[in-house]
Amino acid sequence: SYYRQALQNCELYGRKTGSHVNGLGVSGGDGPGSLAETEAKIKFEVSKCHIALNSPRAALAELETVTSRYRTLPMLLTLAKLYRVNGYERAASSTYKECLRLCPFAVEAWIALAELGLKLEELQSLLSQHLPLGNESSGQAAAGHRKAGGGLDLGGFLSQFIRCHKGTDSAETSARNLSDFISVFPNNVHLLLELAHTHGSAGHFREAVTCFQHARNIDNACMKQMDHYAVALNGTHNVVELNRLTHDLLRIDNRKPETWVAAALYWEGKGDRLRALSYAEKGLRLNDTHAMLHLLKGNLCLKLNRPDSAVSAFRKAHTLEPSIQASEGLTKAYTMYGKHKEALVTAREAVRLMPSSTQALLLLGNVYAKQQESRDRAMKIFENVLRTSPGCKEAILSIIDIHVANRNLVAAEHTLSKHLESNVNDDLHSRLAGILMESQKYGQAIEHYHIALSLNEANEEAQAGLERLEKLMKGIDPDMVSDDDIDDGQDVGANVEEESEFV
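What comes next is a walk through the structure. These figures come from a predicted structure and were not determined experimentally. (Residues numbered from 1 in each chain as written. Predicted model: local features only at pLDDT ≥ 70, side-chain atom pairs only at ≥ 80, totals over all residues. Heavy atoms only, no water.)

All chains considered together, the criterion is met by 16 salt bridges. With its nearest N and O atoms 2.7 Å apart, the salt bridge here joins Lys393 to Asp427. With a gap of 34 residues between them, Lys393 in helix H22 (residues 393-405) and Asp427 in helix H24 (residues 426-438) connect regions that are remote in the sequence. What makes Lys393 partly exposed here is its relative accessible area of 21%. Taken together, the shared-partner salt bridges connect Arg216, Asp248 and Arg251 into one network. (Salt bridge = Lys/Arg side-chain N within 4 Å of Asp/Glu carboxyl O. Helix = DSSP H or I, 4+ residues; strand = E, 2+ residues; numbered from the N terminus. Buried < 20%, exposed > 50% of the residue type's maximum accessible area, 1.4 Å probe, protein only.)

Structure (structure tokens):
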């Protein structure tokens, strides 16, 4: 209501200013206090009110009426963000470039252009127009960007900073360079959050949690990227800490989308996907321009077997913030639909945008693996990934999937046993147990299921596999549904329906 009142006051003042201008026959002067400049400032305030009221189209329409002559750097940055949120990526790129013409050190604009997919060569060419570039071939980061006289080589510094956000380097290289930046700017919250995000994107959730905790120790009211912190906590199965984070975020600001990402992930971790989906949708009602909420909704829809809703959610997420997670979700949804061609196009686009990304290569390999005639090509991709990242769990499991699809259980068992010698992981143990159970090696299978559950008691695959194995060892058909199971299923369905109505 306060924003609505502020919006009405701004619009009223804007109309009065406009009528005053027309009445005087003045189109605005050249001085800093000119009426046209004042009107531009008022329109900017109106636009910010629309943003606060979650009306990005209205905000864009208002800000576009400000003539380019009176657009300040904050106005241009806001305008570029609004273009991006509304799906006008070309206009967003052009506006961000205009920001750099006003201020070459507008780091936010550099990061946004990198995220919008501008090629690294174009970014460096743009950078060279404003600042001299240092030697980038050495790949040194902040600590190495020094001029002969001892000053900071700003061109090389910014260029390396852009590379960290561009995603062209591997996760290890980006993490190393960000650590170098942090050594120059210790306790910089943005850099700590970026390092945490880099670790999280690579699946290194424990390292990500450590960085996020460091950032929160510096700024305990920080809301930025707390959704990614929630994802990292969920990845380490730390439900207690995730619950604590959710309460903290609710206390700080319960209208921020990051708060509802944390709440949804908490309930997903508790196994209540319908409630998790309801919290994700509540967050989207508050702010439908948050990419992570759309990603979360898409993943929950996939698990609830709603591929049509998942495709819509992932498309929106990809429009708002192109990422490997959005591409991965889209390919999974298309695969569930049986749309192999669309899945392949999405995966190839991800590799084109992020050629050095292990996740993008895995995505393309998994799409190839779905078709029997292209499994050899998929196997080559996974083997190449393992050569560069020997402990990559996703590549190992994808190779196992191909062996199982080819009914080569011996090769699958050998591959898993070999990798478990140097990579202790609950998913690998659980998968090996499943292979051993299918090979009727029940004694070894039950041993690996217990190891998997000791590493992660919430491992659903291990829980279901162990239950199936115990039935087999008792001589019971695990696929036969008993009367008790039917009764339990009816009770669960009734509870789910009641719970969803309550939510």
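The rest of the description comes next.
Tracing the chain through its elements places His429 in helix H24. When near neighbours in sequence (up to four residues on either side) are disregarded, His429 contacts Leu420, Val424, His448, Ile451, Ala452 and Leu455. (Contact = heavy atoms within 4.5 Å.)

Before going further, it helps to spend a moment on helix H10 (residues 189-201). Taking 1.5 Å of rise per residue, 13 residues should cover 18 Å, and H10 covers 18 Å from first to last C-alpha, within 8% of that figure. If you check which residues of H10 are buried, you get Val189, Leu191, Leu192, Leu193, Glu194, Leu195, Ala196, Thr198 and His199. Its side-chain oxygen at 3.1 Å from the backbone nitrogen of His190, Asn188 defines the N-terminal cap of H10. In the stretch just after H10, Gly203 is the one whose phi turns positive, near 85 degrees. (Expected span 1.5 Å × (residues − 1). Polar contact = N/O pair within 3.5 Å; in protein donor to acceptor, adjacent residues only side chain to side chain.)

Once that is clear, we can look at helix H14 (residues 257-269). Here H14 contains 13 residues, and its C-alpha end-to-end distance of 18 Å stays within 8% of the 18 Å for a straight helix at 1.5 Å per residue. Among the 13 residues that make up H14, eleven are buried, leaving the element largely enclosed by the rest of the structure. Within H14, burial applies to Pro257, Glu258, Thr259, Trp260, Val261, Ala262, Ala263, Ala264, Leu265, Tyr266 and Glu268. Summarising the contacts, the buried residues of H14 are in contact with helix H12 (226-235), helix H13 (239-252), helix H15 (273-286) and helix H16 (291-303). After H14 finishes, the residue Gly271 shows a positive phi value of roughly 90 degrees.

The next thing to look at is the packing of aromatic side chains. Across all of its chains, the model carries four aromatic pairs by this definition. Between Tyr83 and Tyr88, the aromatic rings sit 6.4 Å apart at their centres with planes inclined by 75 degrees, giving edge-to-face as the arrangement. The ring of Phe44 has Lys48 sitting right over it, with the charged end atom 4.8 Å from the ring centre. The ring of Tyr368 carries the charged tip of Arg377 above its face, separated from the ring centre by 4.9 Å. (Phe/Tyr/Trp six-rings, centres within 6.5 Å; stacked < 30°, edge-to-face > 60°. Lys NZ or Arg CZ within 6 Å of the ring centre and 35° of its normal.)

Read these as geometric descriptors, not functional statements.
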